[in-house]
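Below are the chains, spelled out letter by letter.
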Amino acid sequence: MTNPAAARPALEVPGEDFRYFADRALDGLRAVILELGDELVNQRPTPTANSPFGLVTHVIGVLDYWCGTLIAGRPVNRDREAEFRATGSTADLVAALDAAQARLHADLEKLISDAPPALDPDPNFSGPDRELTQGGILLHVYEELAQHHGQLEGLRDALVPTVPAFEPPLAWLRAKQGVKWRRPGADLLPAWVADMDFPVAPVVRQSVLEVLDRGDLGYPDWPFDRHPLAEGFAARSQRQFGWRPDPTQVRGITDLLAGLQILLDLTTEPGDGVILQEPNYPPFRATLPTMKREAIGLPVVLDGDVWRHDFSALEAALTNRRAKVLLVVNPHNPTGTAFGAEELHRLADLALRHDLLVISDEIHADLVHEPNRHIPFAALGPEIAARTVTLTSATKAFNIAGLRTAIAHIGPEAVRQLWDAEPPDIHGVANVLGVEATRAAWEQGDDWLAGVRTHLLAQRDRLSKAVAEMPGVSLRAPDATYLAWLDCSGADLGEDAGGFFRRRARVRLSPGPDYGGGPEWVRLNFAASTAVLDEITGRMREALEAR
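Note that the structure is predicted; figures quoted are calculated from it, not measured. (Residues numbered from 1 in each chain as written. Predicted model: local features only at pLDDT ≥ 70, side-chain atom pairs only at ≥ 80, totals over all residues. Heavy atoms only, no water.)

1. Describing the packing of helix H3 (residues 52-69) against helix H6 (residues 134-159)
Where H3 contacts H6, the axes come no closer than 10 Å and their chain directions differ by 175°. Classified by the interaxial angle, the pair formed by H3 and H6 is roughly antiparallel. Facing Pro52, Leu55, Val56, His58, Val59, Val62, Leu63, Trp66 and Cys67 of H3, the residues of H6 in contact are Ile137, Leu138, His140, Val141, Glu144, Leu145, His148, Gln151, Leu152, Leu155 and Leu159. For the contact of H3 with H6, a count of residues per class yields 15 nonpolar, four polar and one charged. (Axes fitted to C-alpha atoms, helices over the stretch in contact; angles between N-to-C directions. Helix = DSSP H or I, 4+ residues; strand = E, 2+ residues; numbered from the N terminus. Parallel < 35°, antiparallel > 145°, perpendicular 65-115°, else oblique. Contact = heavy atoms within 4.5 Å. Nonpolar A, V, L, I, M, F, W, Y, C, P; charged D, E, K, R; others polar.)

Here you go:
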């Protein structure tokens, strides 16, 4: 039988020319892979789309089969469907692409452009519906390279945020509907509410989009005997802090404030004392009088350049009052202190001596700046773990407070029994989007979190330099969080510092009295872009200088 391809004039495709243009396409693939990095290379913009890793693995399969087998006569065992399911690191993929490119160069040495394929094509593989010379095979391979290079760039554009990760433009921020930016109005710059100004972590965004694309907002199929985040929380605590909590002791809450209120309702009565650090998070402070519990202050004072607890003042307050609960916020809000082992052990001794239930708010644990370390309170020893309830969430570190998902790790068995004796849904249940976002953050978000921490550390140092130029204002740089507790006592403002900066600098800060501090204190949120932070500190300095 006559070969139809042989009957037509052959198109000569020189191997060197093909190699040049193929290398350009492969270089383009490699550049996109490196741009995506480990965080995004295995992600899919929609559940039915390919991942970048799978698509490039498929390209390698194309090169090996069409050039290796049909031109060089090199048999290749290929599973086309498995190519698209492949996963791995960016380094793995680049190494595989480099090796495939080297094989391609070797295969092209055996090219006879007008000859038929070196081996019979596999009928199970789709391709051009005509018989091909080896030159025609090269044209098809370049068709595949061009097509998949374009697809890879489309995946990149869908996966990479259009807003810079940590330097969002002001117009994007002003368009937000959340309380931080909307409530102050367009003429104020906000640095008050503890939200970060950054776009959502790509892995978190992807997890939410996948749920929505599946239309999966119905009743979830979660285990009845364990919270869906219990194992992930335990594994992350072990990995990040060297503490392995028992996942069976995890219970779900909507947020830490709800957790505190549930625990106080279960374990205390009106009139009972609750020891809490001063200054402190305003909603915690407001909870105690609302629930008719007596607040017993444990002052956090600046000792030289270190924030410490004033245990002597507390012991004096306890001479005629009975406390049942010690509420610990660590890392501390608003001072940004990551308390060290010695200070935490003194708190633990206090809890043991006075037989206190410890409620430990550790929501900022993932935002501790080098070289400091977070120490979980329950990790101080078995005796302390048995009386500690740890409250935490991904909402601060990953900026997803609106998803209202948190957990309580309840060490005391008696407290777990009280909790479990309540009607099963009286405190609400976890929501699907919050659980999926938290799971993605805790299991896949470490690279993004490392970027956040690098940015926040730079912003903290930038803020410290700016405060040094503000007359009468001082700052002990925080060990953790994105919250700075500014002392404006040296400025002699004659009024509440928060009100002064709002009126004279058009900057919204959190006033010190809200936290139990004096009017000379303000809290500043520096989880902002460089441009916004510079504008905030510049306005504050100018207002102070213009008095």
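Having seen the model, we can carry on.
2. Examining the sheet that holds strand S13 (residues 510-511)
Read across the sheet, four strands follow the order S10-S11-S14-S13 without closing on themselves; strand pairing throughout is antiparallel. Edge positions in the sheet fall to strand S10 (474-475) and S13, since each has one partner strand and no second. With two bridges joining them, S13 and strand S14 (residues 521-525) adopt antiparallel strand pairing. Directly across from Pro511, in S14, lies its bridge partner Val522. (Pairing = 2+ DSSP bridges.)

3. Some thoughts on empty space enclosed by the protein
Applying the stated rule across the entire model yields two cavities of 30 Å³ or more. Lining of the largest cavity is provided by 14 residues; of these, Phe233, Ser237, Phe241, Ala365 and Thr392 occupy positions nearest its centre. Broken down by secondary-structure element, the contributors of at least two residues to the lining of the largest cavity are helix H10 (230-241) and strand S8 (388-392). In terms of residue count, H10 provides more of the lining of the largest cavity than any other element does, four residues in total. For the lining of the largest cavity, the residue count by class is six nonpolar, five polar and three charged. In this structure, the second largest cavity is lined by Gly252, Ile253, Thr254, Arg404, Thr405, Ala406, Val429, Ala430 and Asn431. Grouping the amino acids of the lining of the second largest cavity by side-chain chemistry returns four nonpolar, four polar and one charged. (1 Å grid on protein atoms, 1.4 Å probe; cavity = no way out; pocket = protein on both sides within 12 Å on 5 of 7 lines; lining within 4 Å. Points joined across faces, edges and corners; volume = space filled by probe spheres on them.)

4. Examining the sheet that holds S8
A sheet is described by the order of its strands in space; here eight strands give the open sequence S2-S9-S8-S7-S6-S3-S4-S5, paired in mixed fashion. Looking at the sheet topology across the chains shown, the edges are occupied by strand S2 (250-253) and strand S5 (306-309). This sheet shows a mean twist of 25° between the axes of neighbouring strands, independent of strand direction. In this sheet, S5 lies alongside strand S4 (residues 294-303) in antiparallel orientation, the contact comprising four bridges. Note that in S5 the partner of Val301 across the bridge is Arg308.

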